[in-house]
Amino acid sequence: GNSVTQMEGPVTLSEEAFLTINCTYTATGYPSLFWYVQYPGEGLQLLLKATKADDKGSNKGFEATYRKETTSFHLEKGSVQVSDSAVYFCALRISSGSARQLTFGSGTQLTVLP
Amino acid sequence: EAQVTQNPRYLITVTGKKLTVTCSQNMNHEYMSWYRQDPGLGLRQIYYSMNVEVTDKGDVPEGYKVSRKEKRNFPLILESPSPNQTSLYFCASYGTHLHEQYFGPGTRLTVT
């Protein structure tokens, strides 16, 4: 089956620190990969995506590269801000048949301190 | 503005009392889904729908029902809620040619 494994949180960083949140996956088929962000009290928002190997998704200073050889999609940001405090979810989707289901990781809570 | 709306946002109920959580989207999307979010488990899909009158089970469908009589609406029904259905529920929708799912703001349900 399909699954996503994220590094366990919570992660606490100081402002301007470098962020890495690890994500690895197993999939039957060729997945598209996503990072979603959930700010306190809100629903999930798409942060970035990559649909094929070696694609790099980027948005708001965050980046992630689709690595087929290591089945990974690690999220990085060079300098985090307090406003980046949120829960981050890695996800994949196999567009097989008509299911188009998203499979999520368990989420990583990030807290950035001033 | 493209959006997915859910109601109610918060609900406290008792075991066995039937309830419905509504979900509506204004983007004419074919696909809609319901997820529950629990600590340490991420989001798990309950049911999904590919179009009007077409629904199928996700990973955790037990204790839930859905219907899709109109393209824009996808209500989640708990016929006899139990405490293990206490959770945060999200509705989502997306179109055939888009990679992005749009999520509603969530419904926090507590069953006592």
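A brief report on the enclosed structure follows. Since this is a predicted model, take the numbers as computed values, not measurements.

**Some points on the overall build of chain B**
Scanning chain B for helices and strands turns up zero helices and eleven strands. In chain B, the succession of helices and strands from N to C terminus is β-β-β-β-β-β-β-β-β-β-β. In terms of C-alpha radius of gyration, chain B reaches 13 Å, essentially the compact-globule figure of 13 Å for 112 residues. With respect to the three principal axes, the spread of C-alpha positions in chain B is 40 × 30 × 25 Å. Per-residue burial for chain B yields a buried fraction of 50% across its 112 residues. Only carbon and sulfur atoms are counted for the fraction: they give 50% of the accessible area of chain B, which is about 5400 Å². Computed over 12 positive and 10 negative side-chain charges, the inter-centroid distance for chain B is 7 Å.

**Quick notes on the sheet that holds strand β7 (residues 65–66) of chain B**
Residues and elements named next belong to chain B. Strand order across the open sheet formed by four strands is β1-β3-β8-β7, with antiparallel pairing between neighbours. The open sheet has two edge strands, β1 (4–7) and β7, and neither has a second partner. In the sheet, β1 pairs with strand β3 (residues 19–25) via four bridges, with the strands oriented antiparallel. When the sheet's bridge partners are listed, T5 is paired in β3 with S24.

**Topic: unusual backbone geometry**
Cis geometry marks the peptide bond from G9 of chain A to P10 of chain A, where omega comes out at -5 degrees. You can see P10 of chain A is positioned in the loop between β1 (3–6) and β2 (11–14). Of note, the bond from N7 of chain B into P8 of chain B is cis; its omega dihedral lies within 30 degrees of zero at -5 degrees. Structurally, P8 of chain B is set in the loop between β1 and β2 (10–13). The backbone phi angle of D54 of chain A is positive, close to 75 degrees, even though this residue is not glycine. For E53 of chain B, which is not glycine, the phi torsion reads 65 degrees and is therefore positive. For E53 of chain B, the position within the fold is in the loop between β5 (42–51) and β6 (54–57).

**Quick notes on the nonpolar core**
Among the nonpolar cores identified, the biggest contains 27 residues, and W35, L47, L48, F73, L75 and Y88 of chain A are the most heavily contacted of them. For this core, the elements supplying multiple residues, two or more each, are β2, β3 (19–21), β4 (23–26), β5 (32–38), β6 (44–50), β8 (62–65), β10 (86–93) and β12 (108–113) of chain A. Looking at this core, the element that brings in the most residues is β10 of chain A, giving four residues. In this view, L75 of chain A contacts L19, T20, I21, W35, L47, L48, F62, E63, A64 and Y88 of chain A; residues no more than four positions away in its chain are not counted. Ranked by size, the runner-up nonpolar core spans 19 residues in total, among them W34, Y47, Y89 and V111 of chain B.

**A few points about the sheet that holds strand β9 (residues 75–77) of chain A**
Residue and element names in this part refer to chain A. An order of β3-β9-β8-β7 is seen for the four strands of this open sheet, with the pairing classed as antiparallel. Each of the sheet's edge strands pairs with one partner strand only, and the pair in question is β3 and β7 (56–59). With direction set aside, neighbouring strand axes in the sheet form an average angle of 15 degrees. Where β3 lies against β9, three bridges are found, and the strand directions are antiparallel. Bridge pairing links L19 to K77 in β9.

About the cut-offs
- Counting from 1, residues in each chain are numbered in the order their sequence is written.
- Key to labels: chains lettered from A, ligands numbered from 1, both in the order written.
- Two thresholds apply to this predicted model, a pLDDT of at least 70 for residue-level local features and 80 or more for giving and counting side-chain atom pairs, whereas whole-chain, interface and lining totals are computed over all residues.
- Only hydrogens and water are set aside when side-chain values are computed; all heavy atoms of the structure are taken into account.
- Counting from the N terminus, the helices are the DSSP runs of H or I reaching at least four residues and the strands are the DSSP runs of E reaching at least two.
- We compute the radius of gyration over the C-alpha atoms and compare it with the globule rule, which gives 2.2 Å times the number of residues raised to the power 0.38.
- Type-normalised accessible area, obtained with a 1.4 Å probe on protein chains alone, sets the label of each residue: buried when under 20%, exposed when over 50%, and partly exposed for intermediate values.
- Method for areas: the Shrake-Rupley scheme with a 1.4 Å probe, in which residue coverage is limited to the protein chains shown.
- Charge assignment: positive for Lys and Arg, negative for Asp and Glu; neither His nor the chain ends contribute.
- Charge positions come from single atoms, namely NZ of Lys, CZ of Arg, CG of Asp or CD of Glu.
- Note: two strands are recorded as paired if DSSP finds a minimum of 2 bridges between them.
- Each nonpolar core is a collection of buried residues, namely Ala, Val, Leu, Ile, Met, Phe, Trp, Tyr and Cys, held together in the definition by side-chain atoms within 4.5 Å.
- Working rule for contacts: check all heavy atoms of both residues, and any pair within 4.5 Å makes them a contact.
- Working convention: axes come from line fits to C-alpha atoms, limited for helices to the stretch in contact. Angles between N-to-C directions cover 0 to 180 degrees.

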